[in-house]
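Observations on chain architecture
Take a look at the letters that make up each chain.
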Amino acid sequence: MEQFNWQKSTFSGDAAECVEIASDGELVHVRESDEPTTVITTKAKLATWIRAAKAGEFDHLTH
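Now for a description of the structure that goes with this document. All of these numbers come straight from a predicted model, not from anything done at the bench. (Residues numbered from 1 in each chain as written. Predicted model: local features only at pLDDT ≥ 70, side-chain atom pairs only at ≥ 80, totals over all residues. Heavy atoms only, no water.)

**Observations regarding the sheet that holds strand 1 (residues 7–8)**
With respect to topology, three strands assemble into an open sheet ordered 1-2-3, the strand pairing being antiparallel. In this open sheet, the two edge strands, each paired with only one partner strand, are strand 1 and strand 3 (28–32). Here five bridges tie strand 2 (residues 19–23) to strand 3, and the two strands are oriented antiparallel to one another. Note on strand 3: the bridge partner recorded for Ile21 is Val30. (Pairing = 2+ DSSP bridges. Helix = DSSP H or I, 4+ residues; strand = E, 2+ residues; numbered from the N terminus.)

**Overview of the pairing of strand 2**
Of all five residues in strand 2, four are buried, a share of seventy percent or more. Across two bridges, the pairing between strand 1 and strand 2 is antiparallel. Across the sheet, Lys8 pairs through a bridge with Glu20, a residue of strand 2. Hairpin connection between strand 2 and strand 3: a loop of four residues separates the two successive antiparallel strands, and Gly25 in this loop has a positive phi of roughly 110°. (Buried < 20%, exposed > 50% of the residue type's maximum accessible area, 1.4 Å probe, protein only.)

Read these as spatial facts, not as claims about activity.
Quick look at the structure:
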C-alpha cells in the first residue's frame, strides 16, 4: 500500500474527524481521517476543507 503525506486543514484544530488531502504527483487523494477508506464526507467537514483551500493551504499540491 502506498504511503502518503496526508494533510488536514489548520481550520480543523484538534478535531480527529476531518477531511485530509495528499498528492502522489499527478493525482490528488482525499479521505476522511476517521474513515480513510471512503471519500464520502459531511457538508460541514467539506466546508472546513474548502475554507482552508481558499486560504491557500494546499496550493503547493498544484505546482
